[in-house]
Amino acid sequence: MTDLGTPALAVDLGGTTMRAAVVGPDGTILRRCARPTPRDAACPEALEDLIAEVRVDEAISHAVIGLPGRVDYDLGRLETAPNLPPSWVADLAGDELAAVLGMPVLLANDADLAAVGEASFGAGRGWRDIAYVTLSTGVGAAVVFDGAIVHGRRSLAELGHTILDRAAAAIGGPATVEALGSGTALGRMARAAGLPEDGAELVQLVAAGDEHAARVWATVVRAAAYGIVNLVHLFSPEIVIIGGGFGRNGSLVLDPVRTELDRFGPAGLPEPIALVEAALGDDAALVGAASWRAACAAWTRKGLAGSN
């Protein structure tokens, strides 16, 4: 499931960090750069400056830009992205960016793009039906079936915005998977408990056996696990791949999620759903650009979505 021919330009535009790379057809990152996402800069100029660091004279077939929000694949534009500067949303449209960059531009939900990367070149190789979950500042998810990225007119599987706590939702409190089971939730709960907000410091305390840190950690990971259980019931994947800065903490995340999958997940399966950590780390979305067009074309051939 790869795009043949010349390299692609990949951008992973996050609310905190934006990354760019030139990626070969085999998923190899040839050049890369990363910068903090500038909150007070204009979008096209910020992207141009970022891309200029990796773009040279070699032929590049197209660009794929991963975005942390809901993407309209039919129109090729971002609809909403809570973690980006509000003024950027209107500028993130494929046609307009193609004119600026001088090449075809495809927009993708960032979790969709990372899922394609892991399916093609990472932990999902050899599996047919894959669910990818990113646990980071927010919570995202995507599904790849038989080499095809699953989407309709819009990106799907917005796991982070699904509701876990209906009582909290009724009074406007933290109620969603993202509000209860993300890195942001971890920092908020740690602060309330008088613990370090920094995730790395909290992980060290958990690993050292600190009871207060372990209690906060368990509460947040359990919320994420419940969201993953819901996703599994909706899409019935063969494997769940967990990525993101919060998600990539080995057994501290995988073991509690496995426990909840065994308790509440689909019963009577011939084989248990595999659960693994993402193999490509922060590069998953960048690498996914190498096979994005093929993954979209595979979904279109199924007659279930328009092309992107």
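Described in the following lines is the structure provided in the data block.

Parameters at a glance
- Residues numbered from 1 in each chain as written.
- Predicted model: local features only at pLDDT ≥ 70, side-chain atom pairs only at ≥ 80, totals over all residues.
- Heavy atoms only, no water.
- Pairing = 2+ DSSP bridges.
- Helix = DSSP H or I, 4+ residues; strand = E, 2+ residues; numbered from the N terminus.
- 1 Å grid on protein atoms, 1.4 Å probe; cavity = no way out; pocket = protein on both sides within 12 Å on 5 of 7 lines; lining within 4 Å.
- Points joined across faces, edges and corners; volume = space filled by probe spheres on them.
- Nonpolar A, V, L, I, M, F, W, Y, C, P; charged D, E, K, R; others polar.
- Core = buried A, V, L, I, M, F, W, Y, C linked by side-chain atoms within 4.5 Å.
- Buried < 20%, exposed > 50% of the residue type's maximum accessible area, 1.4 Å probe, protein only.
- Contact = heavy atoms within 4.5 Å.
- Phe/Tyr/Trp six-rings, centres within 6.5 Å; stacked < 30°, edge-to-face > 60°.
- Axes fitted to C-alpha atoms, helices over the stretch in contact; angles between N-to-C directions.
- Parallel < 35°, antiparallel > 145°, perpendicular 65-115°, else oblique.
- Left-handed = near helix turned anticlockwise from the far one by under 90°.

**Examining the pairing of strand 6 (residues 77-80)**
Piece 1. Where strand 5 (residues 70-72) meets strand 6, 3 bridges bridge the pair, whose relative direction is antiparallel. When the sheet's bridge partners are listed, Val71 is paired in strand 6 with Leu78.
Piece 2. Hairpin connection of strand 5 to strand 6: 4 residues between the antiparallel strands, including Gly76 at a positive phi of 65 degrees.

**As for the layout of surface pockets**
Piece 1. Taken as a whole, the largest pocket spans an internal volume of roughly 1100 Å³.
Piece 2. In this structure, the largest pocket is lined by 45 residues; those nearest its centre are Asp110, Thr134, Ser136, Thr137 and Gly138.
Piece 3. For the lining of the largest pocket, the elements supplying multiple residues, two or more each, are strand 2 (17-23), helix 3 (110-121), strand 8 (129-135), strand 9 (139-145), helix 6 (183-192), helix 7 (199-207) and helix 10 (284-288).
Piece 4. The class makeup of the residues in the lining of the largest pocket is 16 nonpolar, 20 polar and 9 charged.
Piece 5. In the lining of the second largest pocket, the residues fall into 7 nonpolar, 1 polar and 2 charged.

**A word on the nonpolar core**
Piece 1. Within the largest apolar cluster, 63 residues are counted, with the highest numbers of intra-cluster contacts made by Leu13, Leu92 and Trp292.
Piece 2. For this core, the element with the highest residue contribution is helix 3, accounting for 7 residues.
Piece 3. Not counting residues within four places of it along the chain, the set of residues in contact with Leu92 comprises Leu13, Cys43, Leu47, Leu67, Arg77, Leu78, Leu84, Leu97 and Leu107.
Piece 4. Counting 35 residues, the second-largest nonpolar core is a separate cluster that includes Val139, Ala213, Leu231 and Leu254.

**Considerations on the packing of aromatic side chains**
Piece 1. Scanning the model with the defined rule gives 3 aromatic pairs in all.
Piece 2. A centroid spacing of 6.0 Å and a plane angle of 40 degrees characterise the contact between Tyr73 and Trp292, whose relative ring orientation is tilted. Taken together, the residues span a long stretch of sequence, with Tyr73 in the loop between strand 5 and strand 6 and Trp292 in helix 11 (residues 292-301) at a distance of 219 residues.
Piece 3. Taking the relative accessible area as the measure of exposure, Tyr73 reaches 1% and is therefore buried.
Piece 4. Plain terms: the ring middles of Tyr226 and Phe264 are 6.1 Å apart, the flat faces sit at 75 degrees to each other, and that makes the pair edge-to-face. You can see Tyr226 sitting in helix 8 (residues 211-235) and its partner Phe264 sitting in helix 9 (residues 251-264), a full 38 residues away along the chain.
Piece 5. The class of Phe264 is partly exposed, set by a relative accessible area of 40%.

**So, the sheet that holds strand 2**
Piece 1. Ordered by their spatial adjacency, 5 strands build an open sheet running 3-2-1-4-7, and the pairing between neighbours is mixed. The sheet terminates laterally at strand 3 (29-36) and strand 7 (105-109), the two strands that pair on one side only. Neighbouring strand axes in the sheet, compared pairwise and without regard to direction, differ in orientation by 15 degrees on average.
Piece 2. The sheet contacts of helix 3 involve strand 1 (8-13), strand 4 (63-67) and strand 7, and relative to strand 7 the element is tilted by about 95 degrees.

**Observations regarding the packing of helix 7 against helix 8**
Piece 1. Orientation of helix 7 relative to helix 8, taken along the N-to-C sense of each, is 115 degrees, at an axis distance of 8 Å. The orientation of helix 7 with respect to helix 8, classified from their angle, is roughly perpendicular. In the crossing of helix 7 with helix 8, the sense of the turn from one axis to the other is left-handed. Residues Leu202, Val203, Leu205 and Val206 of helix 7 touch helix 8, and the partners they reach there are Ala213, Ala214 and Trp217.
Piece 2. Residue classes in the contact of helix 7 with helix 8 are distributed as 7 nonpolar, no polar and no charged.

**Re the sheet that holds strand 10 (residues 148-149)**
Piece 1. The strand order 10-9-8-11-12 describes an open sheet built from 5 strands, whose pairing is mixed. The open sheet terminates on both sides in strands that have one partner only, identified here as strand 10 and strand 12 (274-277).
Piece 2. Both strand 8 and strand 9 contribute to a ladder of 7 bridges, which runs antiparallel. Bridge pairing in strand 9 places Thr134 opposite Gly140.
Piece 3. Sheet strands in contact with helix 3 are strand 8, strand 9, strand 10 and strand 11 (239-243), and its direction is about 50 degrees off that of strand 9.
Piece 4. Across the sheet, helix 9 is in contact with strand 8, strand 11 and strand 12; its angle to strand 12 comes to roughly 160 degrees.

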